Structures are given as structure tokens and as C-alpha cells.
Amino acid sequence: STPYGPGVVEDHRIKNGIVVVKMAGWEATAYITEGDIKPLSKGLFHSLLTQFGSTDVTPKPLEFPYAEGTIIKTPFGEAKVSRPLPEPTKSASGRTNTEKDAGLRTIGLSLTNWMLADQSHPVLYCTVETAKKWKETKWRRPSSAGVFSAFGSLVTKTSQVIRASVVNRKTAPAPKYEQYYRDGAAVATNFGHGVVRRFREADGFYEVSLVQWNLANGSTATAILHGQHIKYRISEGCHEGYPVLTRLGLSGTLASVEPTTGVHIVTIPSAGGLLSPTQRSAMPLKAAVSEDVLTPYGEGKLERYRPDDSIYVICLNWGAKLYAQAETFDRVGDGMTDGQGSFGMKW
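Residues numbered from 1 in each chain as written. Predicted model: local features only at pLDDT ≥ 70, side-chain atom pairs only at ≥ 80, totals over all residues. Heavy atoms only, no water.

Asker: How should the pairing of strand β17 (residues 263–268) be read in this particular structure?
Answerer: Within a regular strand, side chains alternate between the sheet's two faces. In β17, alternate side chains face the same way, and those of His264, Val266 and Ile268 are buried while those of Val263, Ile265 and Thr267 on the opposite face are not. Sheet topology note: the strand β16 (residues 251–258)/β17 ladder contains five bridges and is antiparallel. Across the sheet, residue valine 257 finds its bridge partner in β17, namely histidine 264. Between the end of β16 and the start of β17, which pair antiparallel, lie four residues, with glycine 262 showing a positive phi angle near 80°. (Buried < 20%, exposed > 50% of the residue type's maximum accessible area, 1.4 Å probe, protein only. Helix = DSSP H or I, 4+ residues; strand = E, 2+ residues; numbered from the N terminus. Pairing = 2+ DSSP bridges.)

This is how it looks when you write it as C-alpha cells:
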């Protein structure tokens, strides 16, 4: 034993009374006088060597916020730490690098209850302080007393409701909203064309399927909209009072559009004024079959329309047939008509 701890004698210089001692537990050699050395028993010296020489130390496991996989209850559901803070290390100057020194003050939480289109989980980034508050918060969990406890609470609440209804019989009825647009109606929204799927009487909102929005799973997006943000939809390019072509291949005049369903009502002159309801299937025409038209070769009557090449077949009043495009003739109904006698001009 020496004043600097235990050691092993390597050399004894008798002439000058110096003992060379190799220290145990640290790399050093001491030159000590004979009077400063005391012998140790074998058992005590062995235990000291074991204590100072042992380097097999079990590393302490990482903890939050340096451990990956820590489960945290967040307001958005259960999450796991997917990007923890880097483990603090000591620099050459002896200074410890913490999260403030590294400049990385946020951690990543993988929301395990959420699933994206690519089957991955969204990652929520927050500060360590916020994650620590969530981790320490005791979230309310559903009672595990069993089905009998739930049934008992249900009976208690039911009896309370019955007693309250007996005491106050003049309870105001819950407000109900009236559905204007019917299920399946074609509508127009600020997000594009859509179809009404369902109406919610509780709050007066419509669930509208946006037919122009396709998601990753092949379905269409759904918008929850109030009635004031929806309007009925007319087929593109069509206007009430102008000729249209229906899906059945019949041409006529668009009389009106039923706003609650989006159904187009078309008057067919060639069918004796038959009304043909159609929905989202009409296209605009220059003139309908059997209507009078004006051409550079005189007046005539539209005989038929060829949708394959957009050609109008016109039977002229002097017996000839004209095959014309829309921009080469005019519809008589678009100009001056004599609706009230010789001087009753109507524009």
C-alpha cells in the first residue's frame, strides 16, 4: 500500500532506499521511499486488483428521448418514437453535447393508428417538452368493469331520462334540416363536379362524392358541404332554351333543369313535343331536328345530325340537301320571329 493507492513492487533500489511501484488501477509508476510502503495481505490485494482492473461494465439502456420505440399517447392517437434525439456524447474539451448544442430539438413520432396510401404511418414532429407532457399525461381510458357495469350505467341513465321527460313534458324538439338536393343529384361545388351521396339531418350537411378527384385506392374524394355551397349542375356548354343532343341520339331544346335532382328536361320537336328526362348526358347543338334554319343557299329544315363527324343534314326548301357544319348556318329561333301577327316582331 502506498499514499497513492495499491500497487506491485517492480524494483527495490537498496543503495538509495527507493522502491519502484507499478500502480494498480491506473497507468502509473511511482518511486517511493521505503518508509512510505506497507505490505498488504494477499486476499485484500486481490480484491483491490479486481476492483480497479475490471472494465466489463454493463452499459445503461437508453431512455426517452434518446430511445427509439418509446410508446407515447398523443391527442392524435398512439405513437412510437421513430426519430429520437442523438445520444449525448462528450467532446475532446470535456463538454457534453446535448440536444440544444446539436441544434436538433424535435423528435419524430410515428402515428401507429394512421395509415397512408403507401401503407406507411404518418410522422408527427414535436419538441421534446411537448412529447414529455404527452408521455406524462394520464389519458382517460374506458372502464374495464365489464358488460354488467356498462348495463347498469345504461339502466341508470335511461331511468334518469324517463324521469326528466315526465317532469318536463314541453321539451323543445330537436331541430331538423330539410333536404333540398336529393341523393344521386348532380351538383357543382367549389372543388369541382360531384354527386350527392347522403344528407345528414342532424346538422344539414351533404356528403358529396367529387367525381373529378381520384384517390390512391381508386375511390373518389368525399366533401362535407353545406347546402349554400352547392348548386345544381347543367351539362357543360348547355343552356336552357337552346338545342341539345341527348344520350338516346334525339335532339331537342333544353326546357329546364330540375335543381333538386339535376335532371335535364328536353323538348323533342320531332317526337311531337315529348319531354325526355336525362341527367348529365346532354351536349349543345346549333339546332334541333325539324327546326327551321337559314343558310347561304336559302331557308331549310334540319333533317338530322351526325355526331360522328358533327355534320348537320339540312333539307332546303327548294328540294336540295345541304351537308353543313355549325358555323355555316343560323337557327331561325335565334333571330327575329313573328309571334304576334304582321307587326308583332319579337327578338
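Asker: When you look at the packing of aromatic side chains in this model, what are you seeing that I'm missing?
Answerer: Two measures describe an aromatic ring pair: the distance that separates the ring centres and the angle between the ring planes. Taken as a whole and judged by the stated rule, the model has five aromatic pairs. Ring geometry for tyrosine 180 and tyrosine 181: centres 4.9 Å apart, planes at 90°, overall edge-to-face. Exposure remark for tyrosine 180: the relative accessible area of 41% places this residue in the partly exposed category. Classification of tyrosine 181 as buried rests on a relative accessible area of 8%. Geometrically, the ring pair formed by tyrosine 305 and tyrosine 312 is tilted, given 4.7 Å between the ring centres and 50° between the ring planes. One residue, lysine 286, lies across the ring of phenylalanine 329, its end atom 5.1 Å from the ring centre. (Phe/Tyr/Trp six-rings, centres within 6.5 Å; stacked < 30°, edge-to-face > 60°. Lys NZ or Arg CZ within 6 Å of the ring centre and 35° of its normal.)

Asker: When you look at the side chain of arginine 233 in this model, what are you seeing that I'm missing?
Answerer: If you trace the backbone, arginine 233 turns up in the loop between β14 (231–232) and β15 (243–245). Polar contacts involving the side chain of arginine 233 include one to the main-chain carbonyl oxygen of valine 187, which spans 3.1 Å. (Polar contact = N/O pair within 3.5 Å; in protein donor to acceptor, adjacent residues only side chain to side chain.)

Asker: When you look at the nonpolar core in this model, what are you seeing that I'm missing?
Answerer: A general tendency of soluble globular proteins is for nonpolar side chains to be buried together. Judged by nonpolar contacts, the single largest core of 13 residues is most densely connected at Tyr312, Ile314 and Phe329. Those elements that provide at least two residues to this core are β21 (298–306), β22 (311–316) and β23 (321–324). Per-element accounting of this core gives the leading share, three residues, to β22. Beyond its immediate stretch of four places on either side in the chain, phenylalanine 329 contacts Lys286, Ala287, Val293, Leu294, Thr295, Tyr312, Ile314 and Ala324. Judged by nonpolar contacts, the second largest core, of twelve residues, contains Tyr181, Ala223, Leu225 and Ile230. (Core = buried A, V, L, I, M, F, W, Y, C linked by side-chain atoms within 4.5 Å. Contact = heavy atoms within 4.5 Å.)

In short, the description is geometric, and any link to function would need to be established separately.
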